[in-house]
Amino acid sequence: MKHFTTLTWMLAIAIAGVTITACSSNDNETEKPFTTDPVENTLYACGVGQPETRSVADAQNMLFTEDDFEWFNVTTREIKFRDMDEPLYKRMQPFHEIEFHLGDNVLFVVSSFVGDWDSRTFTDLVLHYDVISDPNQGHYYLHDCYPLQFIDTDEVKANINKRAPQWETFTSYLESKGKLRK
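The model shown is predicted, which means the values in this text are computed figures rather than measured ones.

Peer 1: Please clarify how the sheet that holds strand β5 (residues 97-102) should be interpreted in this entry.
Peer 2: Backbone-to-backbone hydrogen bonds join strands into a sheet, with any given pair of strands oriented parallel or antiparallel. Reading across from one edge, β2-β1-β5-β6 is the order of the four strands in this open sheet, with antiparallel pairing throughout. The open sheet has two free edges, formed respectively by β2 (62-65) and β6 (105-110), since each of these has just one partner strand. The mean angle between the axes of side-by-side strands here comes to 25°, regardless of whether they run parallel or antiparallel. With six bridges joining them, strand β1 (residues 43-48) and β5 adopt antiparallel strand pairing. Paired with tyrosine 44 across the strands is histidine 101, a residue of β5. In this fold helix α3 (residues 154-176) packs onto β1, β5 and β6, with an angle of close to 110° to the strand it touches most, β6.

Peer 1: Just to check I follow, could you spell out the pattern of salt bridges for this structure?
Peer 2: Pairs may arise between side chains of opposite charge once their charged atoms sit close together. Evaluation of the coordinates by the stated rule reveals five salt bridges. Where arginine 77 meets aspartate 144, a salt bridge forms, and the shortest distance between an N and an O atom there is 3.1 Å. Of the two residues, arginine 77 sits in the loop between β3 (69-73) and β4 (78-81) while aspartate 144 sits in the loop between β9 (139-143) and α3, which places them 67 residues apart along the sequence. Each member of the pair, arginine 77 as well as aspartate 144, carries the same accessibility label: buried. A salt bridge links arginine 163 to aspartate 144, with the nearest nitrogen and oxygen atoms 3.1 Å apart. Here the residue arginine 163 occupies a position in helix α3, and aspartate 144 occupies one in the loop between β9 and α3, the gap between them amounting to 19 residues. Each member of the pair arginine 163 and aspartate 144 is classed as buried. Taken together, the shared-partner salt bridges connect Arg77, Asp124, Asp144 and Arg163 into one network.

Peer 1: What should I look at first to understand the sheet that holds β9 in this one?
Peer 2: Judged by pairing direction, the sheet is mixed, and its six strands sit side by side in the order β7-β8-β9-β4-β3-β10 without closing on themselves. For this open sheet the edge positions go to β7 (112-115) and β10 (180-181), each flanked by a neighbour on one side alone. Pairing geometry for β7 and strand β8 (residues 126-130), over four bridges, is parallel. Bridge pairing links glycine 115 to tyrosine 129 in β8.

Peer 1: What exactly am I supposed to notice about the environment of lysine 182 here?
Peer 2: Structurally, the position occupied by lysine 182 is in the segment after β10. Considered as a pair, lysine 182 and asparagine 73 are 109 residues apart in the sequence and their alpha carbons are 5.7 Å apart. Those residues in contact with lysine 182 that lie beyond four places of it in its chain are Asn73, Val74, Thr75 and Glu175.

Procedures and definitions
Residues numbered from 1 in each chain as written. Predicted model: local features only at pLDDT ≥ 70, side-chain atom pairs only at ≥ 80, totals over all residues. Heavy atoms only, no water. Pairing = 2+ DSSP bridges. Helix = DSSP H or I, 4+ residues; strand = E, 2+ residues; numbered from the N terminus. Axes fitted to C-alpha atoms, helices over the stretch in contact; angles between N-to-C directions. Contact = heavy atoms within 4.5 Å. Salt bridge = Lys/Arg side-chain N within 4 Å of Asp/Glu carboxyl O. Buried < 20%, exposed > 50% of the residue type's maximum accessible area, 1.4 Å probe, protein only.

In structure tokens form, the structure reads like this:
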């Protein structure tokens, strides 16, 4: 009986060893090389509802990614978007703010989406939809204020200075992707 118990334990250990070896076999998988390169970030923008109703679900309102625009002109601040199934201005309408993200980090928040028809004044960053200068094709701009005649006010200048490091990250990233025009 003692011999039978020892034999049973040895058999159990042998079966367990074969099972573990079989489960850890990588014969069908190619081994991935170890790399220290950082995971690539993606630039994207999400619409955010009214601040009083902001929730986790609002962050899921993806408006566009870096793949949706062709280039950004750092001088004029125009973003040239690719053709989309639904015009971008229609996607923007329900949102109060737009968050620009790079990976998991919020780069900056656009205070509003405005069109040429908008009579409100904004002293912080806006996404401006211009249809007056070229009625056949709308243009989108990231402006530091709206209308632009308020650019020299102290409040707008303070907001520009506060956002300068994020703006540098934004433009450097786009330049690395070949999407920056000067």
